[in-house]
Structure formats: structure tokens, C-alpha cells
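Below, each chain spelled out in residue letters.
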Amino acid sequence: MKFRKPYIIAGPCSAETEDQVFNIANHIKDDIDIFRAGIWKPRTSPNSFEGVGLIGLEWLKKIQFKYKLKVATEVATPQHVESCLSAGIDVLWIGARTTVNPFYVQEIAESLRGVDIPVYVKNPIHPELGLWLGALERLDNVGIKKLSAVHRGFYNYGNSAYRNNPKWEVPIKLRKESPNTPIICDPSHISGNHILIEEISQIAMDIDFDGLMLEVHNSPNLALSDSNQQITPKAFKNILKNLIVSQSKLNDNNVKQELNFLRNQINIFDTELIQLLSKRNDIVREIAYLKKQNQLTVFQIERWFEILKTRTELGTKLKLDNQMVAEIYELIHKYSILLQTRIIR
Ligand code: PEP
Ligand code: MN
């Protein structure tokens, strides 16, 4: 199997001291394509560490010079852009809290008009693909051609294993809409927790993303921002070592044949699934007419609970993922209700 090296951007969440950034860069310089460090930090709470500011640019310059590394930082205003351009920073990224606002993105884009610098655009906090694509388009419109998207997950309300829900379908849709835009996954902000980073990095490789942005800190416990999710240089190297990067193009004819054979079976099952859904819909229509004649409400909660319970139980017996069956039935039921409402009205 041929391995393709993913593009790697790594470094601390925030530059904290000159020693800290040098210590980290020195450990990881041979494993990365770009060194990252935030110097202006958009923080949820005003009492959190908000970055070292301009002095951080000088540290990044020194790292760039000493280790011949490309360096990147986050920009959120035209003033940030101006400072980065005059310092000679190689790559800029736009954070999730900035991508949400087209006014901010447009201002940043204007300040970059005519400049040939790579820009990475993080997904907006909430899963709105249009905003993410719109931000990329605004930058493209001012002549930025080296654009990449960074998938850092989406705000989660309530309990979840992730700090930010990955919602993989959103970056996959972005790939469909904009096939030439590289997608870099940021497992650090998705997980919010160092334990899940390896798993998320592997998923990103399995679905053929182009690279990873990882937060690495010399002493994660003492980090001034995002301390739970930062990993040590040693853990970082281990993750890279264990990463399985498969080739995306299929060249072997035997494998191609075997894959086709299996895919044909999937095609048959999918046809049957759709035919069954259509037959199910015929019955839903009959039920709607019956409810209409008898003036019954469309939605009956006991029936919904019974469907959910029996279907997930059967799914579990047949070794299907419980959550998957529940979500499929939520959709089936939602459209069943829609169809009935339309008929009854
Ligand atoms: C960061 O990369 O440190 C950062 C603040 O990211 P995001 O904009 O994804 O929250
Ligand atoms: Mn961070």
C-alpha cells in the first residue's frame, strides 16, 4: 500500500512565552509543514487569557528563521492582517467565531486584496455550510487562491463526548460543492479532550481529508488556553506514527473487481430499501385517509414511542447501531407525519 503524507499544521493553541513556542517548535519541527500559534485569542469568557498580542509575531518570526518553518496565526480584524503581513507571517487562518460573520470576513478579505498568502478558513461555530462556503468565496473574490477549509466541529448544546460535534456530513458536503478546496481536520477543537484526538485524526484520514491541525503544548496541564485538548510533542509523534493513510485512488484491478462485486450487492439492497419505503408510504397514505375520516390527530405519541422501541430493539438483535436505527426512524416518522398532514389538510 502506498502512503501519502497528510499535511500537518501543529503548535500550541496560544503562544505564551518565547521559551514555550521555541520548546514546542524544537520538538516537532521535523514532523510538520506549518507551525501554528494563536496570538490574539477569541475567548468565550472575558476573564480568560486573550493572547500575548504583537510580541507573539516576533517569536513566530524567530521560529520561522531558526527552523526554516512556515508559521501561521489567527486573524480576526484588518489590523491583525496588517500586522501579520508586515511581520511576514506565511499563513493566516480565520477562526470559527469570525467565519460566522460575513461583515468580519469581508473586512478581512478587503485587507488581503492583491496579497498572495495562503488562508485557512475554519468552519463557523454552527453547522451552516453556506456561511463556510461564503467565507471562502469572499476570499477567492479578492484574489486569494491558496485557500483551505479547516473542519473544527460545531457547537454542541448538552452532553456529548465531543467539545464540538464533528458532523462529518458538513465537510463532506463542502468537498462536494468545492472539490478543489483542501480540507484540514482540527481534531483538537472537535474533541476538546486529548483522549479522542487519535481516533478523530484517523477518521479524517479514512474519509480522505488532506491534513490535520493539532494543538501541541510542552506542558498541556499548564497551558493558558485549551489545556484539556493539547497534547505533548511525544503524544503528537505517536499519533502521526500510528496514523494509517490509505491511497484514495484504486489502481489494483483485482481489488477493483472485488469492490465492484460488493458494491453491486449494496446497489441491490439499496433498491430494495427504496422500494420498501415506497410501499410503506402507500400504507401511510391509507392511514392518513382513515384518520381524516375519523377526525383523529396525525401524531400519537404512544405510537411513536412504540415504533422507536421495537425498531431499535430489533436493530440491536441484528447488530445494528442503536443510534443509527433511532435516527433513521426519526426521519422516517418525520416524513410520514408530513405526508399525512398534507393529505388531511
Ligand atoms: C484555535 O485554533 O485555537 C481556535 C481558537 O480555534 P477555533 O476558531 O476553531 O475555535
Ligand atoms: Mn485552541
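Provided above is the structure to which this section pertains.
The structure contained in this document is the topic of the report that follows. (Residues numbered from 1 in each chain as written. Chains lettered and ligands numbered in written order. Predicted model: local features only at pLDDT ≥ 70, side-chain atom pairs only at ≥ 80, totals over all residues. Heavy atoms only, no water.)

Our focus in this paragraph is the environment of Asn 164. Mapping Asn 164 onto the fold places it in strand E8 (residues 164-165). Since its relative accessible area comes to 5%, Asn 164 is described here as buried. Distance in space between the C-alpha atoms of Asn 164 and Ser 188 is 9.6 Å, their sequence separation being 24 residues. Residues within four places of Asn 164 in sequence aside, it is in contact with Arg 152, Gly 153, Phe 154, Tyr 155, Asn 156, His 189 and Ile 190. Here Arg 152 takes part through its side chain, which lies 3.3 Å from a polar atom of the side chain of Asn 164. Looking at Asn 164, its side chain comes within polar contact range of the main-chain oxygen of His 189, at 2.8 Å. (Helix = DSSP H or I, 4+ residues; strand = E, 2+ residues; numbered from the N terminus. Buried < 20%, exposed > 50% of the residue type's maximum accessible area, 1.4 Å probe, protein only. Contact = heavy atoms within 4.5 Å. Polar contact = N/O pair within 3.5 Å; in protein donor to acceptor, adjacent residues only side chain to side chain.)

Turning next to the packing of helix H11 (residues 253-293) against helix H13 (residues 322-344). Between H11 and H13, the least distance of the axes is 9 Å, while the angle of their chain directions is 45°. If you check the angle between H11 and H13, you find them oblique. For H11 against H13, the interelement crossing comes out right-handed. For the pair formed by H11 and H13, the contact residues are Leu 277, Arg 280, Asn 281, Val 284, Arg 285, Ile 287, Ala 288, Tyr 289, Lys 291 and Lys 292 on the first element and Tyr 329, Ile 332, Ser 336, Leu 339, Gln 340, Ile 343 and Ile 344 on the second. Residues that form the contact of H11 with H13 fall into these classes: 10 nonpolar, 3 polar and 4 charged. (Axes fitted to C-alpha atoms, helices over the stretch in contact; angles between N-to-C directions. Parallel < 35°, antiparallel > 145°, perpendicular 65-115°, else oblique. Left-handed = near helix turned anticlockwise from the far one by under 90°. Nonpolar A, V, L, I, M, F, W, Y, C, P; charged D, E, K, R; others polar.)

At a closest axis distance of 9 Å, the pairing of helix H5 (residues 102-111) and helix H6 (residues 129-141) adopts a crossing angle of 20°. In terms of orientation, H5 lies roughly parallel with respect to H6. The hand of the H5/H6 crossing is right-handed. Contact with H5, carried on its side by Pro 102, Val 105, Gln 106 and Ala 109, involves Leu 131, Ala 135, Arg 138 and Leu 139 of H6 and no other residues of that element. Its residues placed into classes, the contact of H5 with H6 shows 6 nonpolar, 1 polar and 1 charged.

Around ligand 1, the neighbouring residues are Cys 13, Arg 36, Lys 41, Glu 74, Trp 93, Gly 95, Ala 96, Arg 97, Lys 122, Arg 152, His 189 and Glu 215. Within the side chain of Arg 36, an N or O atom sits 2.8 Å from an oxygen atom of ligand 1. Contacts to ligand 1 include Arg 97, whose side-chain N or O atom sits 2.9 Å from an oxygen atom. A total of 290 Å² of accessible area belongs to ligand 1 in isolation, and the protein chains cover 97% of it. Classifying every residue of the shell around ligand 1 gives 3 nonpolar, 2 polar and 7 charged. (Near = heavy atom within 4 Å. Areas by Shrake-Rupley, 256 points an atom, 1.4 Å probe, with all protein chains shown as cover.)

Glancing now at the nonpolar core. With 64 residues, the main nonpolar core has Phe 35, Ile 63, Leu 112, Val 119, Leu 139 and Phe 236 as its most contacted residues. Core analysis: the next-biggest nonpolar cluster, separate from the first, contains 9 residues, Ile 34, Ala 72, Val 91 and Ile 184 among them. (Core = buried A, V, L, I, M, F, W, Y, C linked by side-chain atoms within 4.5 Å.)

Relative to the elements of secondary structure, Asn 156 occurs in the loop between strand E7 (154-155) and E8. We classify Asn 156 as buried; its relative accessible area is 15%. A distance of 3.1 Å separates polar atoms of two side chains, one belonging to Asn 156 and the other to Ser 160. A distance of 2.8 Å separates a polar side-chain atom of Asn 156 from the backbone oxygen of Tyr 162.

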